[in-house]
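Listed here are the chains, written in short residue letters.
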Amino acid sequence: MRDDDLTKSFDAMFAEPLKLWDQLVPAGIRQGELGEWAAALQTMQALWLEFAQDQAAALAGKAPATLADPGNWLGIYESWVRALPLTRPEVQQKLWADGMALWQTVLGQYGIDGKPAGEAPELPRKDRRFADPKWREQPFFALVHQTYLMLAEQVLALAEQVEGVDPHQQDQLRFAARTLVEALSPAHFPVTNPLVLERAIATKGQSLAKGMQHLLADLKKGQLTHVDPQAFRLGENLATTPGKVVYQTPLFQLIQYSPTTEKVLETPLVIFPPWINRFYILDLTPEKSFIRWAVEQGVTVFVVSWKSADETMVDLVWDDYIRAQIEAIDTVRARLGVKAVHTIGYCVAGTTLAATLAVLARRKQADKVKSATFFTAQVDFEQAGELKIFIDDQQLKVVEQLAQEHGYLDGRYMATTFNLLRGNDLIWNYVVKNYLL
């Protein structure tokens, strides 16, 4: 297809935007319903003004309501993205050539280039984010998401081809490129997402007003909402396995769970969850509770519940958590009169458990622990996966600055880090559902 033919194809698709509007908008919406749309717009304006006023007041008091200045992180990502050779002439020429070929293929599926249109367009690229048929019903949305997928492939390929960088920098470039293309998906913008447009039309704009309310609420608390925080109640629909606190220190509480069998095994189990999670990470619901299952097998189960980080813990170091694990093990041994315990270390508490075992072995006390099981815990960090992307001198300096004021790192930063590792599932999926739809 020549350039002038392609121009005619685009003219055919865009020359009469009212036709596209008529296809998207049910008849009669433009007359008689404008008042409801105006009300939705006024709601969004009022929500934004209220949020802006709250932020201004918070900043005046030097206590920002939002999590923190995004610039703390964006400066790092900007330097990574800048390393991608997006501005090279040969790169731009390839993008243009591939784009022309793609547009010809996509537009041809709809008969816009003069060929008969097929009943079911067969587009060259597939992605589960665009699985809904509405992404293929209109040539505009088909062209938008297919072009995005092509550009995403190109950017990710460029990240693989950058020369003169060490492996750590290469990993950072891959991550930055992936984060960039995930963020720029047309699904994340109302005017390029047919599902969002349809929902907005059906609700006369109220879906967008409600979405803005969700967005501003999350901005105020500085964290993306995955679930309704009011939906869970300890002991009712969360952490329902019966137990009680039997020992307490300034750093942790020791919970013993009530037996449900007539007899129990001699050796008890002590579980060390990560201190970035609650004690019920393994007792979320009866159907998913490892703790409930273990109790039902006749195991006497103890779980350590760590104190959440606050200003009082500024002087704590890793050794304190090792001492706490040893103290919990000795407390259980003394309470039940047993020589040894089984242990489970989860995540960073598993890493700590490995150190605890080494300390006990050095002290000739290894027999206090009969077995040790590690849940998603790393001991050798040589191949630590994508988490190593966030560990270098520059980023550790940022972390130190963020923790300097209170002496600990706000857990929302860590939540954001884990969300970024699975951005489509843990960030953008909720942006679309909670804010746009």
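Refer to the structure presented above.
Residues numbered from 1 in each chain as written. Predicted model: local features only at pLDDT ≥ 70, side-chain atom pairs only at ≥ 80, totals over all residues. Heavy atoms only, no water.

Right, let's talk about the overall build of the chain for a bit. A tally of regular secondary structure across the chain gives 16 helices and six strands. The buried share among the 437 residues of the chain stands at 36%. Relative to all contacts within the chain whose residues are 6 or more apart in sequence, the contacts with residues 24 or more apart total 74%. Taken as a whole, the chain presents about 25,200 Å² of accessible surface, with 56% of it coming from carbon and sulfur. (Helix = DSSP H or I, 4+ residues; strand = E, 2+ residues; numbered from the N terminus. Buried < 20%, exposed > 50% of the residue type's maximum accessible area, 1.4 Å probe, protein only. Contact = heavy atoms within 4.5 Å. Areas by Shrake-Rupley, 256 points an atom, 1.4 Å probe, with all protein chains shown as cover.)

Next up on the list: the packing of helix 15 (residues 411-421) against helix 16 (residues 423-436). Close contact between helix 15 and helix 16 brings their axes to 5 Å; oriented N to C, the two are set at 105°. In this view, helix 15 runs roughly perpendicular relative to helix 16, as classed from their interaxial angle. Seen from helix 15, the contacting residues are Phe418, Asn419, Leu420 and Leu421; seen from helix 16, they are Gly423, Leu426 and Ile427. Partitioned by chemical class, the residues of the contact of helix 15 with helix 16 number five nonpolar, two polar and no charged. (Axes fitted to C-alpha atoms, helices over the stretch in contact; angles between N-to-C directions. Parallel < 35°, antiparallel > 145°, perpendicular 65-115°, else oblique. Nonpolar A, V, L, I, M, F, W, Y, C, P; charged D, E, K, R; others polar.)

Here we take up unusual backbone geometry. With a phi angle near 55°, Lys204 is a residue other than glycine that sits in the positive phi range. On the secondary structure map, Lys204 appears in the loop between helix 9 (194-202) and helix 10 (206-221).

Counting across every chain of the model gives 17 salt bridges. One salt bridge in this structure joins Arg178 and Glu182, with 3.6 Å as the shortest N-O distance. With Arg178 and Glu182 both in helix 8 (residues 167-183) and four residues apart, this pair spans about one turn of that helix. Using a relative accessible area of 21% as the deciding quantity, one classes Arg178 as partly exposed. Two residues, Arg178 and Glu386, come together in a salt bridge whose shortest N-O distance is 2.7 Å. (Salt bridge = Lys/Arg side-chain N within 4 Å of Asp/Glu carboxyl O.)

On the basis of which strands lie adjacent, the open sheet formed by six strands has the order 1-2-4-3-5-6 and mixed pairing. The open sheet has two edge strands, strand 1 (243-248) and strand 6 (369-375), and neither has a second partner. Put simply, the sheet's adjacent strands are angled 25° from each other on average, direction ignored. One ladder, built from six bridges, connects strand 5 (residues 341-346) with strand 6; its direction is parallel. Of the residues in strand 6, the one forming a bridge with Val341 is Val369. The sheet strands contacting helix 12 (residues 318-336) are strand 1, strand 2 (252-257), strand 3 (269-272), strand 4 (301-306), strand 5 and strand 6, and the helix crosses strand 2 at an angle near 35°. (Pairing = 2+ DSSP bridges.)

What follows is about a nonpolar patch on the surface. A surface patch of nonpolar side chains, amounting to about 310 Å² of accessible area, comprises Ile276, Leu387, Met414 and Phe418. The residue Ile276 is located in the loop between strand 3 and helix 11 (290-296) in this model. Look at Ile276 and you get partly exposed, because its relative accessible area is 40%. (Patch = residues over 30% accessible without salt bridge, like charges linked within 9 Å, V, L, I, M, F, W, Y side chains within 5 Å.)

Attention shifts here to helix 16. Across its 14 residues, helix 16 extends only 17 Å between first and last C-alpha, which sits more than 12% below the 20 Å expected from 1.5 Å per residue. At Asn429, helix 16 shows its maximal bend, which comes to roughly 25°. Those residues of helix 16 not exposed but buried are Gly423, Ile427, Val431, Val432, Tyr435 and Leu436. Against helix 8, helix 9, helix 10 and helix 15 lie the buried residues of helix 16. (Expected span 1.5 Å × (residues − 1). Bend = angle between axes of the 7 residues up to and from the residue.)

Ranked by size, the top nonpolar core spans 22 residues in total, and within it Leu251, Phe252, Leu254, Phe272, Val304 and Trp306 carry the most contacts. Taken together, the elements giving at least two residues each to this core come down to strand 2, strand 3, strand 4, helix 12 and helix 13 (348-362). No other element matches helix 12, which puts seven residues into this core. Look past the residues within four positions of Leu254 in its chain and what remains in contact with it is Lys244, Val245, Val246, Tyr247, Phe302, Val303, Val304, Ala328, Thr331 and Val332. Leu269, Leu282, Val301 and Val303 belong to the second-largest nonpolar core, a separate cluster that totals 13 residues. (Core = buried A, V, L, I, M, F, W, Y, C linked by side-chain atoms within 4.5 Å.)

Another aspect to go through is the side chain of Thr331. Position of Thr331 among the secondary structure elements: in helix 12. Apart from the residues lying within four places of it in its own chain, the contact partners of Thr331 are Tyr247 and Leu254.

Its place among the elements puts Thr240 in the loop between helix 10 and strand 1. Exposure remark for Thr240: the relative accessible area of 19% places this residue in the buried category. A polar contact of 3.0 Å, which involves the side chain of Thr240, links it to the side chain of Arg292. (Polar contact = N/O pair within 3.5 Å; in protein donor to acceptor, adjacent residues only side chain to side chain.)

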